[in-house]
Every structure is written in structure tokens, then in C-alpha cells.
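Residue strings, one per chain:
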Amino acid sequence: MTAPTYHLTSYGCQMNKLDSELVESRLRQRGYEPAADEASANVVLLNTCSVRQHAEDRVWSRLGKLRIRKRAEPALVVGVLGCMAEEHKRFMVARMPHVDLVVGPSAFGDIDVTVENARHKNLELAKVHDPSAGKHAVAGAGLVAAGIGVSGDTIVRDVKVRPHKSQAFVSVMRGCNMPCTYCIVPTTRGDEVSRPIDAIVEEAARLCGDGVTEITLLGQTVNAYGRDLGPGITLAKLLRALHEIPSLRRLAFITSHPNFLSEDLIAAMAELPKVARYLHLPVQSGSDRVLKAMRRGYTRERYLRRVEQLLAKAPDIELHSDFIVGYPSETAAEFDESASLMLQVGYAQSYVFQYSPRPGTVAAGLVDDVSKAEKERRNQVLLTIQDSLCVQKNNALVGTTQEVLVEGESPKDATRLSGRTVHHRIVHFDRPQDGGLDLVGRYVPVRIEQAMAHSLVGKRLAENEAEHGRGDREEPESARHAHDLDHPRHDGTRPHRAATT
Ligand code: SF4
């Protein structure tokens, strides 16, 4: 008998990508196989994101197209997973009869059963399908599992289901307890729930046993890890436990909240050589009044003090951030404080978001009074500053040798391979004549020859040509000064990851 097939599209953040891996694991364990493309799949799943309106709009458009297909193929299973499933479940159930599954993030643990039930039900419906019934023939199984069930973290992960053989995400906590006024995540993802250290270490060790050498720990507020597990359970403790896995070489974590950048976490980052040398620490605004309005729980000064404490102990760490421009009532002068903070910290990367109200949040009740044009202007100002910061920081790396974890063919140039440094910078280098695919997943030394705003270009060195094994831990003095808060640098941005913390 032919195995049923699925096609899964992921939108949004890294947590969603990991959730998609877990869902795929579960489906494969149940005997499903990935389809060659969406058009040939028996089951089409969209793992959705609610953080930005744009991401939601793309899903609504996809669902419109799937409605047409469902008329011709009543056995097709259409599923909406993730945050939009949680946020819009009532609307979907009432108004989108061609959607068979609406499954929130907290119900992924038994997704295979839910999909299987819908598929059998649809196969029965297809037997009595009357094409002449027109649009009324599209009613699906109508199964809903939003907000109930067991989390995807209970899935015994198939360590072979992942996009990169040497890299993996591992969820360490779900949900968020913070009160940020603009953010829908606490509604869609629920309260913080941390996984036990033993379970995380066990999963990481299995991944490393299957060839993973770089692990990125995920949590909405990852550095709040363990608060719900009891005293002494912290991200620092978890990092130290994972650091013991012999074949693990890089250990990163996203996304951190400034309030939980504790002394013990700073000490762990300073002491553990496998911990990646960047920290995504979204500030969102440089204005105290706006930070208070957003209920971020810190002031500009307090944020800067934390950054200073970190860099005093671990000066080779680079800071990444997120900014929101055009929050309700943000004045031009308050926006200027964001711009000055960006310069003062000298971020290596920043994501800049134009504020848009998310229904169900506190801020959605405020007047969205900064015009679209002004939001666009503020956005461009920050991007220009960040680009200049990136250029200067990247220029300082020309002539250095960087250790690059090779990820594959460069997305825009098939004659090159690309990978990332321990600072998460993208490096491109020429492919060897044999194509170099055996290099994917390996760490190679690359001499940096050219700097651009969002990436570096270099020449791969033979192992014995490399001056040192972990080149970019040994940046030139000029690059290290990038972190001196009193001597802000200009560098640019490469879009990092959608994040909200
Ligand atoms: S922005 Fe981050 S910390 Fe704030 S509520 Fe959203 S997920 Fe939580």
C-alpha cells in the first residue's frame, strides 16, 4: 500500500521551524512520507505565525488557494498549525470549512493521531462527494485540537529529521510570562514551561551522536529558563551540562530578555568556550517612556549596565537586537533615543520592525498614531545606521582567519559555499572543483578577503595554513573595540531571526 504523503510549510520564528521538525518526526513515525511538492501531497499543513500581520496575510492567501483545490480533491487534508490556529480557531472553524485541522502549539504531541483521523474521515467523505454541489462540497472533517493536548516536546524526536546534518534546534522552554503590551505570544503560546535539564541533555546527546555539532537552544525568553522548575535551575546550569557533551562544538541560545541576563549567565558565557559569541538581546526602544509604555520592565540605563557587565567579562561577545519603530505615541525625539542607543551599543545585527497592532494585545487598544510614512522613515534611519555599523565591523575582519561551519551552497551564487562563524556571520568562499559537498557540516578555516554589509567573502585555507583553529575568537583589536560602549562603532545589519523577546 502506498504511504500517505504530507507537505508542511513553516512561517515565522525558529521555534516554529523546530515545531515543524517535531511534527514531521511524528508523521514519519506514523508511516507518512514527505511529498515531492504541495500539489501532490495528501496532507497540506501550514505552521503559522501571528507576530506580524504580513505573516498572517500570507497564510490567508494560501488558504484561499487551498479552498479551490479542495473542491476538486475532497480527500485532501488541510491543516492550520501554530499561533494562528490558536488565535483564529473560532473564525476558521466557523468560516473555513475546507480546513480540517486547527491545531495550536500546545497540541502537537499527538498531531499524528489528529492528522490520521482527519484523513480517514475525508476519505469517507470523498466516497459520497458530489462535484455538482459546487462550493458546498468542500466541507472537511472539521476536527479541531487547538489549545488542548500535549506539547511537541513530548515527541521522541527522530534525530534524522532536520534541515542541516550538523546543526539542530532544541526547545528548552515554551511560552512567556512577560507583559509586553504589543506582543501576542503569551496568548498564543501560553505560560512559561521549562523542560527538565536531563531531558534536554539526553536529546542533545542523541543529536550529537547523529552528527550534530552546533545546537541552538530555543525559548521565547530563553534566559528565563528554569524559573518554573525551582531554585538553582538556570540557563547557565543547562549550558554547563550541555558543554560536557564531547562532540558538541558550538552552543547558542535565542532569544534572551534583558531582565534575565544574570551574573551566572554572564559567567557561563565568559567561561565556556563552546558557547557562541553573540547574544540576541532585544531592546525594542531607547526611550524610557516608550519602554515603560511597552511594559518592558527595564530602563535604557539598566539595559546598558547589563550590556556593560557582560562585555566586561566576555568582551568578544557581539550584541544583536530588535527595535520597534512607531509604537503608539512615540515622538520623533523618543525615536532619536533608539537611534542613539543603536550607535552606543554598536550592535552587530538588528531587526527593525514597524509597529503594527496585533488584535488581542494591550497595545491594540491604543491609537496607532504614528503615520505609515513616519514609521517608514524611522525604519530607514535605523537600517542605515545598522548597515554602517555592519560595514565597519566586517571591514575589521578583513585579513583575519575565521572558523566557518559550512552550511551548503551560497543561496545566490552556485560557484560558492557558505557557512557561519562563531559570531553568526555569513562567510562565502569558492567551491572546490569537486563541488565541495563533503565540506558541508565541517569547520574550515577561511581567510577573509572582502567585507560587505551583510556577509564576508574569503578563501578557504588548508588546515595546516590556518593560524589557529578558532579564528574568530581572536579578532583584531579594532573589532574588539566594537563593544566599547563609550566608543560606538558603525556596522550594518544582516536580517537575523524574527523574534519578539
Ligand atoms: S516580546 Fe518577548 S518577552 Fe515580551 S511578551 Fe512577547 S515573547 Fe514575551
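Source: prediction; values computed, not measured.

(A) Highlighting the overall build of the chain. Scanning the chain for helices and strands turns up 14 helices and 19 strands. Nonlocal contacts in the chain, meaning residues at least 24 apart in sequence, comprise 76% of its contacts between residues at least 6 apart. Surface accessibility of the chain: about 20200 Å² in total, with carbon and sulfur atoms responsible for 54%.

(B) Expanded view of the pairing of strand β11 (residues 250-254). Counting buried positions along β11 yields five of five residues, so the element is predominantly enclosed. Residues R250, A252 and I254 of β11 are buried on one face, and the alternating residues L251 and F253, pointing to the opposite face, are buried as well. Here strand β10 (residues 214-218) pairs with β11 via five bridges, running parallel. Bridge pairing in β11 places L217 opposite F253. Read as a crossover between parallel neighbours, the route from β10 over helix α8 (residues 235-243) to β11 is right-handed.

(C) Focus on the packing of aromatic side chains. Enumeration according to the criterion identifies five aromatic pairs in this entry. Look at Y327 and Y355: their rings are 5.4 Å apart centre to centre, the planes differ by 70 degrees, and that puts the pair in the edge-to-face class. Placement of the pair is Y327 in the loop between β13 (318-325) and α12 (332-345) and Y355 in the loop between β14 (349-354) and α13 (372-395), with a sequence separation of 28 residues. A relative accessible area of 5% places Y355 in the buried class. For the ring pair Y351 and F353, a centre distance of 5.4 Å and an interplane angle of 50 degrees mean the geometry is tilted. Note on accessibility: Y351 and F353 belong to one class, buried.

(D) Quick look at the packing of α8 against helix α9 (residues 263-271). Two elements in contact, α8 and α9, have axes whose closest approach is 8 Å; the angle formed by their N-to-C orientations is 25 degrees. Put simply, α8 runs roughly parallel to α9. Facing L235, A236, L239 and R240 of α8, the residues of α9 in contact are D264, L265, A267, A268 and E271. When the residues that make up the contact of α8 with α9 are grouped by side-chain class, the tally is six nonpolar, no polar and three charged.

(E) Representation of the sheet that holds strand β18 (residues 443-451) within the structure. Strand order in the closed barrel formed by five strands is β15-β16-β17-β19-β18, with mixed pairing between adjacent strands. In this sheet, adjacent strand axes meet at a mean angle of 55 degrees when their direction is disregarded.

(F) Structural detail: unusual backbone geometry. Here the amide bond leading from I254 into T255 is cis, since omega sits at 0 degrees, within 30 degrees of zero. For T255, the position within the fold is in the loop between β11 and α9. The backbone phi angle of Q284 is positive, close to 75 degrees, even though this residue is not glycine. As for its position among the elements, Q284 is in the loop between β12 (278-280) and α10 (288-294). Phi is positive for R295, close to 60 degrees, though the residue is something other than glycine. The residue R295 is located in the loop between α10 and α11 (300-313) in this model. The class for R295 is partly exposed, based on a relative accessible area of 44%.

(G) Looking closely at the confidence of the model for the chain. On average, the chain scores 87 in pLDDT, and the residues at 70 or more come to 87%. Here residues 135-139 is modelled with pLDDT under 50, and outside its nearest four sequence neighbours on either side it reaches ten contacts, counting other chains as well. In this model, residues 468-499 is a region of pLDDT below 50 whose contacts with residues beyond four sequence positions or in other chains number 127 contacts.

(H) Representation of the pattern of salt bridges. Following the criterion strictly, the structure yields 31 salt bridges and no others. Within the structure, one salt-bridge network assembled from shared partners comprises E214, R249, R250 and E403.

(I) The sheet that holds β14, seen in detail. A sheet is described by the order of its strands in space; here three strands give the open sequence β12-β13-β14, paired in parallel fashion. Strands with a single pairing partner mark the edges of an open sheet, and in this sheet they are β12 and β14. Averaged over all neighbouring strand pairs, the angle between strand axes comes to 15 degrees, with direction disregarded.

(J) Seen up close, helix α2 (residues 53-72). Along its 20 residues, α2 runs 30 Å from first to last C-alpha, staying within 8% of the 28 Å computed at 1.5 Å per residue. Residues of α2 that are buried: A55, E56, V59, L63, L66, R69 and K70. For α2, the angular spread of the buried residues around the axis is 125 degrees, confining them to a single face. The exposed set on the far side of α2, more than 90 degrees from its buried face, consists of H54, K65, I68 and A72. Buried residues along α2 sit in contact with β3 (43-48), β4 (77-82), α3 (83-87) and α5 (111-127).

(K) Up close: the environment of Y6. If you trace the backbone, Y6 turns up in strand β1 (residues 5-10). Residue contacts for Y6: discarding those within four places in its chain leaves E24, L27, R28, Y32, E33, P34, A35, A41 and V43. Within polar-contact distance, the side chain of Y6 engages the side chain of E24 at 2.5 Å.

(L) Up close: the packing of α9 against α11. Taken N-terminus to C-terminus, the directions of α9 and α11 make an angle of 30 degrees; their axes are 9 Å apart at the nearest point. When the interaxial angle is binned, α9 and α11 end up roughly parallel. Crossing of α9 against α11: the hand is right-handed. Contacts between α9 and α11 involve I266, M269 and A270 from the first element and R306, Q309, L310 and K313 from the second.

(M) Spatial organisation of helix α7 (residues 197-209). The terminal C-alpha atoms of α7, which comprises 13 residues, lie 18 Å apart, in line with the 18 Å expected from a rise of 1.5 Å per residue. Within α7, burial applies to I197, I200, E203, A204, L207 and C208. Buried positions in α7, seen along its axis, are confined to an arc of 135 degrees and lie on one side of it. Turned more than 90 degrees from where α7 packs its buried face, D198 and G209 sit exposed. Along its buried surface, α7 packs onto β7 (167-171), β10 and α8. Once α7 finishes, G211 follows within two positions and takes phi at roughly 105 degrees, a positive value.

What counts and what doesn't
Residues numbered from 1 in each chain as written. Predicted model: local features only at pLDDT ≥ 70, side-chain atom pairs only at ≥ 80, totals over all residues. Heavy atoms only, no water. Helix = DSSP H or I, 4+ residues; strand = E, 2+ residues; numbered from the N terminus. Contact = heavy atoms within 4.5 Å. Areas by Shrake-Rupley, 256 points an atom, 1.4 Å probe, with all protein chains shown as cover. Buried < 20%, exposed > 50% of the residue type's maximum accessible area, 1.4 Å probe, protein only. Pairing = 2+ DSSP bridges. Right-handed = clockwise from strand over helix to strand, strands pointing away. Phe/Tyr/Trp six-rings, centres within 6.5 Å; stacked < 30°, edge-to-face > 60°. Axes fitted to C-alpha atoms, helices over the stretch in contact; angles between N-to-C directions. Parallel < 35°, antiparallel > 145°, perpendicular 65-115°, else oblique. Nonpolar A, V, L, I, M, F, W, Y, C, P; charged D, E, K, R; others polar. pLDDT = per-residue confidence, 0-100. Salt bridge = Lys/Arg side-chain N within 4 Å of Asp/Glu carboxyl O. Expected span 1.5 Å × (residues − 1). Arc of directions from axis to C-beta. Polar contact = N/O pair within 3.5 Å; in protein donor to acceptor, adjacent residues only side chain to side chain. Left-handed = near helix turned anticlockwise from the far one by under 90°.

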